[in-house]
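Spelled out from the first residue to the last, the chains are:
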Amino acid sequence: MKAASKALRRNRLTGYAFLLPNIIGFLLFICIPVGASFLMSFTEWNGFGDITFAGLSNYTRLWSDETFRISLLNSLVMTAVSVPVTLILAILAAVALNKGLRGVKIFRTAIFLPHITATIAVAVVWQLLYNPTMGPINGFLHSLGIDNPPTWLASTKWALLSVIIVSIWHSIGYYMVLYLAGLQGIPKDLYEAAEIDGAGKVSQFRNITVPMLSPVIFFTVIMGIINSFKVFDLVFVLTKGGPGRSTHMLVYDIYYTAFQRFEYGYASAMAYVLFAIILIITLIQFRGQKRWVNYS
């Protein structure tokens, strides 16, 4: 018994030893910074001078900050447009490529490849594509007889849509792979029974595919909303929030406030408001998923 208890204790210590680096990293790089930023959100500090307690003034200031309101609106528009379009295109691509056709793996790889490409590289390439004078997009539009095509990233009217298009193109592959995994877990006998009953492809998709994929759809909706609110690198490379403030997003506004204006307390308050927005949306989704998500 003593030998067994010593072996058990040794195994536990070995397990804790393997976990220790991750625990230390989690504490140092996540828990402590999160706690420090929460405390900082109640202060005024420029990174160099004394830290001054500011109470709730940073949070109350947000509602009178026009740039914050514009950033919030842009983030909401980005989410409202990019998430449904991305997920619809991803599920359609997954259904189309969930076949044993010749060369299907090539098409799957081609759609997934943008997602594993560095976002900075993607943004640089799309900057060239969007170039209003030498870019191939406007060159193609000129060939169609359009004399005044959009100036894309240089236009306050088109810049946000341009960023949304790049975000959708960059994300489709990731969600397509998730939907492919879900589709391959649906029993084939359900489709066979539906065909015997005379159900067409559209009816099978609506009554079998979508209900059986609902857990995956629920997960991808949550992830899509979170990722759309977190967009930073595309905006930073493509537009830097411009022209004007037409592509100012919440995360870019947090970065700009902290590292350009050196208002660390105010930027921390912005970050926690963003966290609260995402948390509320996620909780609403979890509450509503009982009505439409099928786990059977």
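Please read all numbers here as calculations on a predicted model, not as lab measurements.

Visitor: Quick question: what am I supposed to make of the overall build of the protein chain here?
Guide: The secondary structure content of the protein chain amounts to 12 helices and two strands. Counting from the amino terminus, the protein chain carries its helices and strands in the arrangement α-β-β-α-α-α-α-α-α-α-α-α-α-α. On C-alpha atoms alone, the protein chain measures out to a radius of gyration of 24 Å, which is more than a quarter above the 19 Å that the 2.2 N^0.38 rule sets for 296 residues. The C-alpha extent of the protein chain, read off along each of the three principal axes, is 85 × 75 × 35 Å. Counting all 296 residues of the protein chain, 37% fall into the buried class. Pairs at least 24 residues apart make up 67% of the contacts formed inside the protein chain by residues separated by at least 6 positions. Looking at the protein chain as shown, the accessible area adds up to about 17700 Å², and 69% of this sits on carbon and sulfur atoms. Of the side-chain charges in the protein chain, 22 are positive and 12 negative, and the distance between the mean point of each set is 14 Å.

Visitor: What am I meant to see in the side chain of Thr247 here?
Guide: By the element assignment, Thr247 lies in the loop between α10 (233-238) and α11 (250-259). Among the residues examined, Thr247 registers a relative accessible area of 0% and is labelled buried. A polar atom in the side chain of Thr247 sits 2.6 Å from the side chain of Thr239. Discounting residues that sit within four places of it in the chain, Thr247 has contacts with Asn74, Ala159, Leu160, Val163, Val235, Thr239, Gly241 and Gly242.

Visitor: Which parts of the structure should I look at to understand the side chain of His170?
Guide: Relative to the helices and strands, His170 resides in helix α7 (residues 159-183). Looking at His170, its side chain comes within polar contact range of the main-chain oxygen of Thr117, at 3.4 Å.

Visitor: Looking at this structure, how should I read the nonpolar core?
Guide: Taken as a class, soluble globular proteins show a tendency for nonpolar side chains to be buried jointly. By size, the foremost hydrophobic cluster in this structure holds 61 residues, and its most contacted members are Val166, Tyr179, Leu213, Phe229, Leu238 and Leu274. No other element matches the 11 residues that α7 contributes to this core. In this view, Leu238 contacts Ala123, Trp126, Gln127, Leu153, Val163 and Val166; residues no more than four positions away in its chain are not counted.

Visitor: Sorry, what's going on with the layout of surface pockets here?
Guide: Over the atoms rolls a probe the size of a water molecule, and its path tells where empty space is left. The volume enclosed by the largest pocket comes to roughly 490 Å³. Lining the largest pocket are 16 residues, and of these Asn98, Lys99, Tyr191, Gln204 and Thr209 lie nearest its centre. Elements with a contribution of two residues or more to the lining of the largest pocket: α3 (66-97), α8 (188-196) and α9 (201-229). It is α9 that provides the largest number of residues to the lining of the largest pocket, a total of five residues. Its residues assigned to classes, the lining of the largest pocket shows seven nonpolar, four polar and five charged. In this model, the second largest pocket occupies a volume close to 380 Å³. Residue lining of the second largest pocket: 19 residues in total, with Ser167, His170, Ser171, Asn227 and Val231 positioned closest to the centre. Those elements that provide at least two residues to the lining of the second largest pocket are α3, α7, α9 and α10. Top contributing element to the lining of the second largest pocket by residue count: α7, with five residues. In the lining of the second largest pocket, the residues fall into seven nonpolar, 10 polar and two charged.

Conventions used here
- Residues numbered from 1 in each chain as written.
- Predicted model: local features only at pLDDT ≥ 70, side-chain atom pairs only at ≥ 80, totals over all residues.
- Heavy atoms only, no water.
- Helix = DSSP H or I, 4+ residues; strand = E, 2+ residues; numbered from the N terminus.
- Rg over C-alpha atoms; globule rule 2.2 N^0.38 Å.
- Buried < 20%, exposed > 50% of the residue type's maximum accessible area, 1.4 Å probe, protein only.
- Contact = heavy atoms within 4.5 Å.
- Areas by Shrake-Rupley, 256 points an atom, 1.4 Å probe, with all protein chains shown as cover.
- Lys, Arg positive; Asp, Glu negative; His and termini not counted.
- Charge placed at Lys NZ, Arg CZ, Asp CG, Glu CD.
- Polar contact = N/O pair within 3.5 Å; in protein donor to acceptor, adjacent residues only side chain to side chain.
- Core = buried A, V, L, I, M, F, W, Y, C linked by side-chain atoms within 4.5 Å.
- 1 Å grid on protein atoms, 1.4 Å probe; cavity = no way out; pocket = protein on both sides within 12 Å on 5 of 7 lines; lining within 4 Å.
- Points joined across faces, edges and corners; volume = space filled by probe spheres on them.
- Nonpolar A, V, L, I, M, F, W, Y, C, P; charged D, E, K, R; others polar.

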